[in-house]
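Residue-level structural notes
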Amino acid sequence: MAFTLTDEQVGSFRENGYLIIRRFLEPEEVAKLHRVALADEAIRKNSFDLNDQAGKKTKLALWFTPGQDVYGLLTRSERMVDSVHKLLDGNAPVCHFHSKLMQKEPRVGGAWEWHQDYGYWYKNGYLFPDQMISVMVAITEATKENGCLQVIKKSHKMGRVEHGFAGEQVGASMQYVEFALKTMELVYVELKPGDLLFFHSNILHRSEANLSDSPRWSLISAYNRQSNPPYITDTPSSITPLQTVPDEALFLHDEAGGILEGNTDFLSVEDAKAKS
Ligand SMILES: O=C(O)CCC(=O)C(=O)O
Ligand SMILES: [Fe+2]
């Protein structure tokens, strides 16, 4: 039976602003993603460091259009796109805004300040936060010790909170974060490899530095509906309907090709530096 979200799961996402799916990927599938992440030349060449306020670094690679590689096949898979379609407001086709391979290394992996993803995306001129979502897939285990994601349950109901600069990152107003923490529950999202987290674009989240001996690698993909164009920036991927692929494609794909450089529109290391 193909994977499909139940009404109860959709209801839980609407109420809490996030939804965890255990074993969204089979162990074989996530092992494949991990091997490619470690070995792929295009990922290595296109990865850059982002500093947190304490100078600890998270390495990441970001691309816009999903391709034929294992990451592209995951982000375009029917189980993924159908789930996103159920969770987003509206009916227009689902589009892929961007994906990021987050590589939070032992002892050096930096923190992320409290923020809403829509806190950034609003500045690109996207009007509708309910038509935007982030999806985290754990490539390695994410625990409290290695700096897993933390969310403030139901905080998406606050709407957009003011954001300003916090070091090289953009963070939410700490005054409002403190009000939120007084009112709602803080949840540590611990994930095993292959587990997935859907989270609303307005949920407040952060992560602490990775002070442990184990890496914390994850893929974070952001989706948008075609009916929600950015009026300020030019991001064609975010309004181009996705070509879905069958769920088996990831399992069947020969990983040796990796991510083809030249075919994948990575955010360049130079552009990333210019923005930060
Ligand atoms: O992976 C993390 O620790 C958080 C990253 C995040 O929230 C983001 O990139 O927007
Ligand atoms: Fe985020």
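Residues numbered from 1 in each chain as written. Chains lettered and ligands numbered in written order. Predicted model: local features only at pLDDT ≥ 70, side-chain atom pairs only at ≥ 80, totals over all residues.

In the nomenclature of an unreviewed UniProt entry, the chain is known as Phytanoyl-CoA dioxygenase family protein of Larkinella bovis. In UniProt, the chain has this text filed under Sequence similarities (unreviewed entry): "Belongs to the iron/ascorbate-dependent oxidoreductase family." (UniProt positions renumbered as here; feature names shortened; annotations may be inferred.)

Time to look at the overall build of the chain. Check the secondary structure of the chain and you find nine helices and 13 strands. Taking 276 residues into account, the globule formula puts the C-alpha radius of gyration at 19 Å, and the chain, at 17 Å, falls close to it. Each principal axis of the C-alpha atoms in the chain carries an extent, and together these give about 50 × 40 × 35 Å. Put simply, the chain has 276 residues, and 43% of those count as buried. Nonlocal contacts in the chain, meaning residues at least 24 apart in sequence, comprise 89% of its contacts between residues at least 6 apart. (Helix = DSSP H or I, 4+ residues; strand = E, 2+ residues; numbered from the N terminus. Rg over C-alpha atoms; globule rule 2.2 N^0.38 Å. Buried ≥ 20, exposed ≤ 12 C-beta atoms within 10 Å, placed from the backbone. Contact = placed C-beta atoms within 7 Å.)

The next subject is the site of ligand 1. Near ligand 1 the following residues occur: Met102, Trp112, Asp117, Leu149, His205, Ser207, Ser218 and Ile220. Among the elements of the structure, β12 (205-207) and β13 (216-225) are those that each provide at least two residues to the shell around ligand 1. When its residues are assigned to classes, the shell around ligand 1 shows four nonpolar, three polar and one charged. (Near = placed C-beta within 6 Å. Nonpolar A, V, L, I, M, F, W, Y, C, P; charged D, E, K, R; others polar.)

On to the sheet that holds strand β5 (residues 112-115). Pairing is antiparallel across the open sheet formed by four strands, whose spatial order is β5-β12-β7-β10. Looking along the sheet, the strands with just one partner apiece sit at the ends: β5 and β10 (186-189). Averaged over all adjacent pairs, the angle separating strand axes in this sheet is 20°, with direction ignored. Note: strand β7 (residues 149-152) against β12, three bridges, orientation antiparallel. The partner of Val151 across the bridge, within β12, is His205. (Pairing = 2+ DSSP bridges. Axes fitted to C-alpha atoms, helices over the stretch in contact; angles between N-to-C directions.)

Once that is clear, we can look at the sheet that holds strand β4 (residues 94-104). Either a parallel or an antiparallel arrangement is found when strands of a sheet pair, and the pairing is made through backbone hydrogen bonds. The strand order β1-β11-β6-β13-β4-β3-β2 describes an open sheet built from seven strands, whose pairing is antiparallel. Only two strands of the sheet have a single partner each, and these edge strands are β1 (18-21) and β2 (48-51). Across the sheet, the mean angle from the axis of one strand to that of its neighbour is 25°, orientation sign disregarded. Each of β1 and β11 (196-200) is contacted by helix α1 (residues 7-16), which is oriented at about 140° to β1, the strand it contacts most. The sheet strands contacting helix α5 (residues 78-87) are β4, β6 (132-138), β11 and β13, and the helix crosses β4 at an angle near 110°.

Moving on, we come to the UniProt feature "domain: Fe2OG dioxygenase" (unreviewed entry) in the chain. Feature annotation in UniProt assigns "domain: Fe2OG dioxygenase" (unreviewed entry) to the following positions: residues 96-227. End C-alpha atoms of residues 96-227 are separated by 13 Å, and the span's content is 11% helix alongside 41% strand.

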